[in-house]
Amino acid sequence: MPTIVVTGGGTGIGKAIAQQLAHDGTDVVVTGRRRDVLDDTAAALGGAVRAVELDATDPSAVRTFAAQIGRVDVLVNNAGGNTDFDHPAPVGLDEVARAWRRNLDSNLISAVLMTEALLPAMTTGAAIISIGSIAADKGAGSYGAAKAGLASWNIDLARRVGDAGITANIVSPGYIGETEFFRDALDDTSVESMVEAIITKRAGTPTDIAQTVAFLASPHARQITAQTFAVNGGEHPSR
Ligand code: NDP
């Protein structure tokens, strides 16, 4: 039975990815730091999903998880978010250093640790998909820099694992509603102006991202690797 690991799978985009990939004959494991949230998600997805409490930035916890998981066919490095939203603006160099390290830990180191730990459990046909951000291209302080670093790391990762038949790609969302990402910070006017900047004139949904991830995880995408896929409704066009 294929095993699929989705970090940060208890809410938002990760939950939608777990739902998309959970079908007969797959073992989907969602991870996150909040036990109650994970249990609610596992229950909501009808028992097709297993919940494991895990801080993806903690090497010791990741090591223990990897020792217990067995073979892994798909790893989705989705855990992350802009940690600046949970803290007041940093004052002084010490706080600046802490703030930058929080975003790098949450969005880059988490993916690196999970991938390094689970790679030995992956063989030909496996797929690693990491969730980047439009912020990597548009700029957004330490959060955007962390997501840009994630995309750069992914290229090197793809080179390392390519001859083992493993792919590594980034899915880079634009503004996605229906998640905990923005906490309670967005009022109607902010949402309207964000949607106005999107060519499709709608916010993205977690399902938009999940369907792209599902394609990259499927047998139809075996020649696609080392790429970044923007799913942003044209908010940041590319050639
Ligand atoms: P959510 O806040 O709903 O989801 C983030 C998830 O990551 C939560 O379930 C959280 O669970 C988990 N998480 C955070 N840190 C850790 C950690 N250290 N270890 C384990 N789990 C962790 O927001 P989204 O669904 O929107 O975000 C998913 C991804 O999409 C993120 O990487 C985000 O940066 C990215 N993204 C989102 C966009 C948007 O507009 N929503 C736009 C571009 C990118 P818990 O707190 O319980 O650990």
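Residues numbered from 1 in each chain as written. Predicted model: local features only at pLDDT ≥ 70, side-chain atom pairs only at ≥ 80, totals over all residues. Heavy atoms only, no water.

Caption draft 1: A look at the packing of aromatic side chains. Following the criterion strictly, the structure yields 5 aromatic pairs and no others. Arranged with centres 5.6 Å apart and planes meeting at 90°, the rings of Phe 85 and Phe 181 form a pair that is edge-to-face. A residue pair is termed long-range when its members are at least 10 positions apart, and Phe 85 in the loop between β4 (74-77) and α4 (92-118) and Phe 181 in the loop between β6 (167-173) and α7 (188-196) qualify at 96 residues. Using a relative accessible area of 36% as the deciding quantity, one classes Phe 85 as partly exposed. When its relative accessible area of 23% is taken as the criterion, Phe 181 is described as partly exposed. (Phe/Tyr/Trp six-rings, centres within 6.5 Å; stacked < 30°, edge-to-face > 60°. Helix = DSSP H or I, 4+ residues; strand = E, 2+ residues; numbered from the N terminus. Buried < 20%, exposed > 50% of the residue type's maximum accessible area, 1.4 Å probe, protein only.)

Caption draft 2: Just the site of the ligand, in detail. Surveying the vicinity of the ligand reveals 30 residues, the closest of which are Thr 11, Arg 33, Arg 34, Tyr 143 and Thr 179. At 2.7 Å, a side-chain N or O of Arg 34 approaches an oxygen atom of the ligand. Between the ligand and Asp 55 there is a distance of 3.0 Å, counted from a nitrogen atom to a side-chain nitrogen or oxygen. For the ligand, the accessible surface in isolation is 880 Å², of which the surrounding protein chains cover 95%. If you list the elements that add at least two residues to the shell around the ligand, you get α1 (12-21) and α6 (141-161). (Near = heavy atom within 4 Å. Polar contact = N/O pair within 3.5 Å; in protein donor to acceptor, adjacent residues only side chain to side chain. Areas by Shrake-Rupley, 256 points an atom, 1.4 Å probe, with all protein chains shown as cover.)

Caption draft 3: Layout of the side chain of Thr 167. Residue placement: Thr 167 occurs in strand β6. In terms of polar contacts, Thr 167 uses its side chain to reach the side chain of Arg 222, at 3.3 Å. For Thr 167, the contacting residues outside a window of four places in its chain are Ala 126, Ala 127, Ile 128, Ala 221, Arg 222, Ile 224 and Thr 225. (Contact = heavy atoms within 4.5 Å.)

Caption draft 4: Seen up close, the pairing of β6. With 7 of 7 residues buried, β6 lies mostly within the body of the structure. Going residue by residue along β6, you find Thr 167, Asn 169, Val 171 and Pro 173 tucked away on one face and Ala 168, Ile 170 and Ser 172 tucked away on the opposite face as well. Pairing analysis gives 5 bridges linking strand β5 (residues 127-131) to β6, with the strands arranged parallel. Looking across to β6, one finds that Ser 130 is bridged to Ile 170. Here β6 pairs with strand β7 (residues 228-231) via 4 bridges, running parallel. Across the sheet, the residue bridging to Pro 173 is Val 231, located in β7. (Pairing = 2+ DSSP bridges.)

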